[in-house]
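# Remarks on the overall topology
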Amino acid sequence: MTHSDPKPEALSRRALLKGAGGVAAVGGLAATAEARSVTTLEPAPVPTLRGEVEVTLSINGATQTLKVEPRTTLLDALRTRLEPALTGTKLVCDSGSCGACTVLLDGKLAYACMNLAIDQVGRQVTTVEGLGTPEAQSDVQRAFCAEDAAMCGFCTPGFIVACHAALERKPNGTLDELKHEISGNLCRCGTYPHIFNALQRVQAERQVASQQGSKKGAK
Amino acid sequence: MRSFEVKSPRTLREAVLALPDDHGPTGARLIAGGQDLLTVLKDDIEQPSTLVRLRGVPDLGQIVVGKDGAVELGALVTLQDLADHIGVFEAQPALCEAATSIASAQIRSQATVGGNLNQRPRCPYYRHPAVVCFKKGGNTCLAEFGFSKYAAILGGGPSYFVHPSDLAPVMLALDATFHLVGKGGARAVKAREYYVLTDVALDTESVRRADEVLTKVTIPAPPRGMRTTYNKFKERASFDFALAAAAVGVRIDGGKIAEARVVLGGVAPKPWHSPEAEAALVGQPMAAEAWRAAGAAAVKDASPLEHNGYKIHLVKGVLYRALESLA
Amino acid sequence: MPREHRTADPSWGPRADLDILNRDIPRVDGPDKVTGRAKYSHDMRAPGLLYARLIVYPRTRGKVESIDVSGALAVPGVVWAKALKAAGANVFYQGADSVLAAVAAETLEALDDGVRAVKFVVKADSKAVVTHKGALANDAPVVARQRDAQSNISGLRERGDTAKTEAALAASDVQVDLSFEIPVQHHVCLETHGQVIVPDERGATVYASSQAVKGEPQGFAGALGLKQSEVRVITQHMGGGFGSKFGGGIEAQVAGQIVQETKRPVHLLLTRDQEFSLAGNRTGVVARVRAGASKDGALTALAAEVDRLGGLGGGSFAALPYIYKVGEMATKMRSVHTATDPNRAMRAPGHPQASFVMESVVDALAYAAGKDPLEFRKLNLPDPIWQRQLDRVATELGWPAHPHHTAPGKPDARGIARGIGFAVSAWGSSAQDNAKCQVVVFPDGSVESRTATQDLGTGARTYVAAIVAEELGLQVADVEPVIGDSDLPVNVASGGSVTTGSSAPAIKHAAHLAREALEAKLEAVLGAAVGGYVWKGGHVHVKDDTTKKLAWKQVAGLLQEPLDVTGSFQQSLHAGSIHGAQGALVEVDTLTGRVNVLKMVCVQDQGLPLNRMALRSQINGGMVQALSYALMECRVHDEATGYLLTGNLESYLIAGCQEIGELVAIIDDDEERPTLCGMAEAPIVPGQSAIANAIFNACGARLTTMPFSPDNVLTALHGKV
């Protein structure tokens, strides 16, 4: 593999030449200056974000520009920095322990409360709102309704997103495998058995659909 | 969280130079996946005014599997990518077993190898924003005479947390090497020497200096015939840190255990290599009697506190089940 | 309406005739919930909204020296910050009394900075008083808040004849002596307590997460300095209540104050750790029970000492003997107070605890007497309903072929053991007779069913529509349910499992009145008198003459203006008292202490099922909550300082996917009462008891300390190290 920055060994020689065993802050800066003289210059200072910043994110396929601070989590951005707010993604624990804020980042499951909004530049963010509407639900959403997998519904958006991803990663997964995929989501009302039924219902529907698809010879 | 600025270094050198020289609660911190760091900030354990984004630094995300089964993992490899990697699974399955056992899919997709190895403890006192214990500059360990259910039974004192990483015990069992780059240059540290007990340091869990970036981990080719596994026992199977864990390797020769590796998790402030358990296994048939003996040896010098004596039984059980699965 | 036209009183009718009820009805709000369109209190926004947060002292008892909010007021974006206790004030307990200050700001980031900038100094009391032991210690300060409280014990009640009971105990053929410890449990509503208050022309609209929307204006009016008529409270959706959300607490009071002083809309929800420290809890218990039985299997004696740990509150524990009958009984019950958040009703308050104690005792006596625990129960529950339900549970779990009946099993060569255990439930919900429902039929055929009930996930919204649809021969989608608004006709608070039993008869009555009113109009068109019609499939026709019929829109078209009727509670449609039986099949790994609940079964009756799918969800949900309580839930404070160590969802464990094996929810169709009642609480009562009994059956370890987490199971199996 290659490194585009100077090899670590080069930096080490630099430090040794300076003759300092310790690494004082001043020495650090000087090392930078010296390093500049032998390596390719990085002319600009390290890009830094501070204070209130404007970021452009791709959320559910649409470009949105919003004002956030570097510390603003994606969850807080979705729920309070968009107009209109996207409140489908819920705040429950704010610490990556419960799954209520589950979204997809480039198709991968993530907790919106555990990711910074500024870090999502260049990524596709998908929230529950992006997976379907009451009039045009995804098959997972329809299955949740058919199997009564939502009671109070507060955990439901997170589970919908998690189930979508679970079935993408493990389309033919056993129930145990699917449970492992969605184990980062908690439900207090206890709808788990209905969620499991919904997952298996979607699996069966998709298998039938793909069999029919291949029967017709179409793709 | 408190306000911070975020620096996006474009090179490893820029990243290193943005880091502080000493550990301390307000110095700049690296952020990779952020799955531990953000909790540290939300719990107000550290108050960095600058985060240094490692994700923009190239060449830290590689997974390389040699023909001999040696594995190299860049520090930015996500836990999910590691868990899914067929090549790593064929060469060193314990790495994938550990990765897939960690947290949840949502965390694994963003969390990184480097972040997992360098994460801070989960002790409920340490994580409580109002508590000032030894590790936060205070003068006591509240777990020692307080609620000690999750506290260390080995290697504890003055502080009694257990190291929460699942990759760490496996790294020790597989004799991995951690590669660091700091202002003073590059160095390689054996996994077995990376973590420190609390009589060595309280404000950190490893020898990594504040200005050093863990860039990659290299795991040597396993000895021929060595079978390894990671058995993580969680209080809540769905989603939890280890209540106790065992990274285990055995090589059988002529019907007897010729070589054994035993490293325990969830029992000490660092991943706990147990030469006692290994000695109890070597030379024995791969059978229940040896597995029981290994467990007994592993906990022989354990010092339980008021509420964590059950870990002595649990470690024996977890080690037994790990060995059983390799039979 | 002329008397001679009045039909018979409303009745649910034969189940075979029902087209919609007693079937699986998909929730009408399902589509909104699964797409993120359903709006909860947390989600409400308004122009000029302020985000507010309480600041809470993290320990238990102390004296306030200073609270300084000036730093908060200096943060850009902070609009309001006030100390809520004066210097010199006491903090008496961890709960509402721990609220020191609050801040309101225009963004969450400013709020965060503002909260952090509030500086308080509280001199902590030397004793935190957070455990049973701590509360009873000789040098424990009195934390109980009853007037003239001399100790942390209150409400001592002794019942029964001690001498007779001791004699009966001594004379019994078998005896057991069990000591129990049940920790405090939390509701863990995923949506924390709180509300968004929006001042408006009328006064204010409050979006509250509430189980009692009709009564809420009373509390909020006080908090807002408004008349009750000026306050409208709305709860369209709520993220869990489980008994903890009857009336706003300190979070409502403070939000009201901020609205009054800023004149702006305010969003104040508890943070997750605050939800754990001041939103109520289920009573913990320390108990000792000695009981005896005859060799024939009759329960002869029971002597119990029960301490309720309800924090500052009195705690709840259902009366003993719980469900079973005992020859002689003597009980001593009391509240032991700690300086912690008072208990609040939590789904079947006091019942799971009493079930755990009683069913463990009954189970232990069965084995002590060498009897099959299933037969022992049937012997002591002569009610044929329980007999039938227990047998069904047993069959479902494979009890007949299970190898260990009268003595527990032993682990196999690998250390694994399997066992089965049983427990029963009973519930007698009384309905409240003030429930009303308004049905409006518009001339264009649209229909509304309107009542101030709330749907906490129970499915109430769906039957508010379904009952009317059934009556008028329509589909559920043809009736718009309008609920969750205090401006609507009065309905009950959702507690005690009274909602369905109170509401459904009122909805039915309203639908009945609407039908009668329409039939009165039809007489001139189709000829039959009121009571002479059949409403089915979107049409109405004269009984026995399908040639005389109209489609629904044509019927509605006969109206000159909307038909508007209000129904009220009908006793004839409701009857209380329900039975349930549960069982669990567990696998115990005796090397690690892991308990896997492989299967749980519940047979539950409740009279007429309105929506079988929602019922099964309630039953499954009850089993899941009991399983979670059994295996892992445990509140923990640091004894010395009072810090809450389980104030987040990482350290307070609730069950996730991988804890859930096979759950079988069986609606007991063998009982065919023509009435219904609510059953929300019954299914949560016996689960942990069945699991404990299954663990004993598996390996002989009698778990009397909850939860049955690996540490406690290993200690029970191998002793404390």
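Residues numbered from 1 in each chain as written. Chains lettered and ligands numbered in written order. Predicted model: local features only at pLDDT ≥ 70, side-chain atom pairs only at ≥ 80, totals over all residues. Heavy atoms only, no water.

## Topic: the environment of Gly350 of chain C
Residue and element names in this part refer to chain C.
- Relative to the helices and strands, Gly350 resides in the loop between β15 (328-336) and α9 (351-368).
- Under the relative-accessibility criterion, Gly350 is labelled buried at 0%.
- Taking the C-alpha atoms as reference points, Gly350 and Ala318, separated by 32 residues in sequence, lie 4.8 Å from one another.
- If sequence neighbours within four positions are ignored, Gly350 has contacts with Arg282, Ser316, Phe317 and Ala318. (Helix = DSSP H or I, 4+ residues; strand = E, 2+ residues; numbered from the N terminus. Buried < 20%, exposed > 50% of the residue type's maximum accessible area, 1.4 Å probe, protein only. Contact = heavy atoms within 4.5 Å.)

## As for the environment of Leu54 of chain C
Residues and elements named next belong to chain C.
- Mapped onto the fold, Leu54 is located in strand β1 (residues 50-56).
- For the pair Leu54 and Thr271, spaced 217 residues apart in sequence, the C-alpha separation works out to 8.4 Å.
- Not counting the four nearest positions on each side in its chain, Leu54 is found in contact with Val99, Ala101, Ala102, Ile250, Glu251, Val254, Leu268, Leu270 and Gln274.

## Let's talk about the nonpolar core
- Phe144 of chain A together with Leu302, Leu320, Ile691 and Phe708 of chain C are the most contacted members of the largest nonpolar core, which totals 145 residues.
- Among the elements that take part in this core, α9 of chain C stands out by supplying nine residues, more than any other.
- If near-sequence neighbours (up to four positions away) are discounted, Phe144 of chain A is found in contact with Ala149, Ala150, Thr156, Phe159, Ile160, Cys163, Ile195 and Ala198 of chain A together with Val34 of chain C.
- If you look at the next biggest cluster of nonpolar residues, it comprises 74 residues, including Val125 of chain A together with Val77, Leu167 and Tyr194 of chain B. (Core = buried A, V, L, I, M, F, W, Y, C linked by side-chain atoms within 4.5 Å.)

## Concerning the domain arrangement of chain C
All names here are of chain C.
- As far as domains go, chain C holds domain 1 (15-38 + 431-573), domain 2 (47-126 + 193-269) and domain 3 (284-429 + 576-718).
- Put simply, the middle of domain 1 and the middle of domain 2, counted by C-alpha atoms, are 39 Å apart.
- On the domain 2 side, the residues contacting the 21 residues of domain 1 number 17 residues.
- A combined buried area of about 1400 Å² lies between domain 1 and domain 2, and 48% of that area is made up of carbon and sulfur atoms.
- Contact with domain 2 buries area across many residues of domain 1, yet Gln454, Leu456 and Ser486 alone supply 34% of it, more than any other trio.
- Measuring nitrogen to oxygen at the nearest pair gives 2.5 Å for the salt bridge that ties Asp485 to Arg232.
- On the surface where domain 1 and domain 2 come into contact, there are 13 residue pairs in polar contact (both at pLDDT 80 or more). (Domains from an automatic or database assignment. Buried area = accessible area lost by both parts, 1.4 Å probe. Salt bridge = Lys/Arg side-chain N within 4 Å of Asp/Glu carboxyl O. Polar contact = N/O pair within 3.5 Å; in protein donor to acceptor, adjacent residues only side chain to side chain.)

## Considering α9 of chain C
All names here are of chain C.
- Between its first and last C-alpha, α9 extends 25 Å over 18 residues, near the 26 Å set by a 1.5 Å rise per residue.
- In terms of burial, α9 is a largely internal element, 17 of the 18 residues being buried.
- Looking one or two places after α9, you find Gly370, whose phi comes out positive at around 70°. (Expected span 1.5 Å × (residues − 1).)

## Examining the interface of chain A and chain B
- Contact with chain A, which involves 56 residues of that partner, is made by 49 residues of chain B.
- Approximately 4300 Å² of surface area, both sides summed, lies buried where chain A meets chain B, with 54% of it carried by carbon and sulfur atoms.
- Scanning the region where chain A abuts chain B turns up five salt bridges.
- Among the salt bridges present, the one from Glu5 of chain B reaches Arg50 of chain A, with a minimum N-O distance of 2.7 Å.
- Seen at the junction of chain A and chain B, the total is 18 residue pairs in polar contact (both at pLDDT 80 or more).
- Elements represented by at least two residues in the side of chain A that touches chain B include exactly α1 (8-18), α2 (25-38), β1 (48-49), β4 (102-105), β5 (108-111), α5 (156-169) and α6 (175-181) of chain A.
- Per-element tally for the side of chain A that touches chain B: the top contributor is α2 of chain A, with five residues.
- Broken down by class, the residue content of the side of chain A that touches chain B amounts to 26 nonpolar, 18 polar and twelve charged.
- As judged from the two bridges shared by β1 of chain A and strand β1 (residues 5-7) of chain B, these two strands associate in the antiparallel manner. (Nonpolar A, V, L, I, M, F, W, Y, C, P; charged D, E, K, R; others polar. Pairing = 2+ DSSP bridges.)

## Quick notes on the pairing of strand β26 (residues 662-667) of chain C
Residues and elements named next belong to chain C.
- The buried fraction of β26 amounts to five of the six residues, a majority that puts the element mostly inside the structure.
- Pairing geometry for strand β25 (residues 594-604) and β26, over six bridges, is parallel. Bridged to Lys599 within β26 is Glu662.
- Viewed along the sheet, the connection from β25 through helix α15 (residues 612-631) into β26 turns out right-handed. (Right-handed = clockwise from strand over helix to strand, strands pointing away.)

## Observations concerning the interface of chain A and chain C
- Taken together, the contacts link 51 residues of chain A with 58 residues of chain C.
- Contact between chain A and chain C buries roughly 4300 Å² in total, counting both sides, with carbon and sulfur atoms accounting for 58%.
- Considering only the side of chain A, the residues that lose the most area to chain C are Met151, Phe154 and Arg188 of chain A, jointly responsible for 20% of the buried surface there.
- The interface formed by chain A and chain C contains six salt bridges.
- Note that Asp148 of chain A is salt-bridged to Arg27 of chain C, the shortest N-O span being 2.7 Å.
- Elements that contribute at least two residues to the side of chain A that touches chain C include exactly α3 (74-80), α4 (139-146), α5, α6 and α7 (192-215) of chain A.
- Here the residues of the side of chain A that touches chain C are counted per class, giving 24 nonpolar, 16 polar and eleven charged.

## Topic: the sheet that holds strand β24 (residues 578-589) of chain C
Residue and element names in this part refer to chain C.
- Ordered by their spatial adjacency, four strands build an open sheet running β16-β24-β25-β26, and the pairing between neighbours is mixed. Each end of this open sheet is capped by a strand with a single partner; those strands are β16 (416-427) and β26. Taking each pair of neighbouring strands and ignoring which way they run, the sheet shows an average axis angle of 15°.
- Relative to β24, β16 runs antiparallel, the two sharing twelve bridges. Each bridged residue has a counterpart across the sheet, and for Ile416 the counterpart in β24 is Asp589. (Axes fitted to C-alpha atoms, helices over the stretch in contact; angles between N-to-C directions.)

## Examining the domain arrangement of chain A
Residue and element names in this part refer to chain A.
- Domain annotation for chain A reports domain 1 (52-130) and domain 2 (131-210).
- For domain 1 versus domain 2, the separation of C-alpha centres amounts to 21 Å.
- In terms of surface lost to domain 2, no three residues of domain 1 exceed Lys90, Leu109 and Val128, which account for 37% of the buried area on that side.
- Applying the counting criterion to the domain 1 and domain 2 interface returns seven residue pairs in polar contact (both at pLDDT 80 or more).
- Counting only elements with at least two residues in the side of domain 1 that touches domain 2, the list comes to β4 and β5.
- With three residues, the single largest contributor to the side of domain 1 that touches domain 2 is β4.
- Looking at the side of domain 1 that touches domain 2, its residues break down into nine nonpolar, seven polar and two charged.

## Quick look at the pattern of salt bridges
Residues and elements named next belong to chain B.
- Under the counting rule described, the total for this entry stands at 79 salt bridges over all chains.
- Residues Arg120 and Glu205 are paired through a salt bridge, measuring 2.7 Å at the closest nitrogen-oxygen approach. Placement of Arg120 in the loop between α7 (113-117) and α8 (142-145) and of Glu205 in the loop between α10 (191-194) and β8 (213-219) is noted, with a sequence separation of 85 residues between them.
- You can call Arg120 buried: its relative accessible area is 9%.

## Looking at the pairing of strand β10 (residues 242-253) of chain B
Residue and element names in this part refer to chain B.
- Most of β10 sits out of view: nine of its twelve residues are buried.
- Pairing of strand β9 (residues 226-234) with β10 involves nine bridges; the strand directions are antiparallel. Bridging from a neighbouring strand, Lys234 pairs with Ala242 of β10.
- Judged from the nine bridges that link them, β10 and strand β11 (residues 256-265) form a sheet pairing that is antiparallel.

## Quick look at the sheet that holds strand β6 (residues 119-124) of chain C
Residue and element names in this part refer to chain C.
- Spatial strand order, β4-β2-β6: three strands in an open sheet with antiparallel pairing. Where the open sheet ends on each side, the last strands, each with one partner, are β4 (90-91) and β6.
- In this structure, strand β2 (residues 62-68) lies alongside β4, joined through two bridges in antiparallel fashion. Looking at β4, one finds that Gly62 is bridged to Val91.

## Examining the packing of aromatic side chains
- Applying the stated criterion to the full structure yields 14 aromatic pairs over all chains.
- Seen in terms of ring centroids, Phe178 of chain B and Tyr195 of chain B are 6.2 Å apart; in terms of plane orientation they differ by 90°. Their pairing is edge-to-face. Of this pair, Phe178 of chain B sits in strand β6 (residues 177-182) while Tyr195 of chain B sits in the loop between α10 and β8; the two residues are 17 residues apart in sequence, bridging distant segments of the chain. Per residue, the accessibility class of Phe178 of chain B equals that of Tyr195 of chain B, and both read buried.
- Taken together, a centroid distance of 5.7 Å and an interplanar angle of 45° make the contact between Phe356 of chain C and Phe708 of chain C tilted. (Phe/Tyr/Trp six-rings, centres within 6.5 Å; stacked < 30°, edge-to-face > 60°.)

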